[in-house]
Amino acid sequence: LNPSILGDIYHPYIAIFDNFGTLEELIEIAESNTRVAYLCQNSRGEVFFGSDQGGPTAHNSKLFRLNPKTDQITNILTHSTPDTGVFEQPMKVDRDGYLYFLITPRQTANYTKFYAVSRTGTLKWGPYAFAASAKFYMSIPAIDEDRDRVYVNYFEVTEQPRGRSR
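Residues numbered from 1 in each chain as written. Predicted model: local features only at pLDDT ≥ 70, side-chain atom pairs only at ≥ 80, totals over all residues. Heavy atoms only, no water.

Colleague: Help me understand the sheet that holds strand β6 (residues 73–79), please; the structure alone is not making it clear to me.
Modeller: Pairing between sheet strands relies on hydrogen bonds along the backbone, with the strands arranged either parallel or antiparallel. The 4 strands lie next to each other as β3-β4-β5-β6, forming an open sheet whose pairing is antiparallel. The strands lining the two open edges of the sheet, one partner per strand, are β3 (36–41) and β6. Averaged over all neighbouring strand pairs, the angle between strand axes comes to 20°, with direction disregarded. Here β3 runs beside strand β4 (residues 47–52); their pairing, made up of 4 bridges, is antiparallel. For Q41, the partnering residue across the bridge sits in β4 and is V47. (Pairing = 2+ DSSP bridges. Helix = DSSP H or I, 4+ residues; strand = E, 2+ residues; numbered from the N terminus. Axes fitted to C-alpha atoms, helices over the stretch in contact; angles between N-to-C directions.)

Colleague: What is the right way to look at the pairing of strand β9 (residues 113–117) in this model?
Modeller: Consecutive side chains along a regular strand alternate between the two faces of the sheet. Extensive coverage of β9 is indicated by the burial of 5 of its 5 residues. Every second residue of β9 is oriented toward a common face, with K113, Y115 and V117 on one face and F114 and A116 on the other, all of them buried. One ladder, built from 5 bridges, connects strand β8 (residues 99–103) with β9; its direction is antiparallel. By the bridge assignment for β9, I103 is matched with K113. For β9 and strand β10 (residues 123–129), the ladder comprises 4 bridges, and the chain directions are antiparallel. Within β10, the residue paired with A116 across the bridge is W125. Linking β9 back to β10 in an antiparallel pair, the connection comprises 5 residues, with G121 at a positive phi of about 95°. (Buried < 20%, exposed > 50% of the residue type's maximum accessible area, 1.4 Å probe, protein only.)

Here's what the structure looks like:
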């Protein structure tokens with residue numbers, strides 16, 4: 001169930017538990033009226049997540065950073081082109097703290113963007129725009145840091161072959 005279905009007025013939360021299962025805090029994500037997508041954490045302990053807006057007021061998706069020392073949430077990146085987009089796939093963090101993630105379009109005629117950003121939201125490269133015919137199902141970036149490569153899987157729904165066939 002998505003909060004946007006409930007009238008565009010509810011917000012998601014992040015629950016913080018200690019190691020013994022005691023709920024320590026609930027943090028409301030007031031800038032969103034839909035779900036929080038996939039939490040990930042860097043070596044500094046910072047927690048990152050994407051969220052978006054639903055309903056008739058939707059105009060962007062945002063990437064947030066949660067400071068574990070202060071519980072402050074900071075918007076570090078805003079995505080709005082070609083449409084508001086949705087975080088549907090998990091993010092990955094490399095050893096240098098760069099985040100890799102996909103934002104899929106709400107409209108099927110638009111295209112998915114693949115981002116690589118720093119912990120502050122500065123672009124490392126990209127975003128790379130895939131063709132509208134590229135469909136992403138359970139796509140999680142894989143990072144090969146020794147070879148300086150990032151892999152991401154997708155399904156191409158076109159008759160035109162792209163890349164190498166194996």
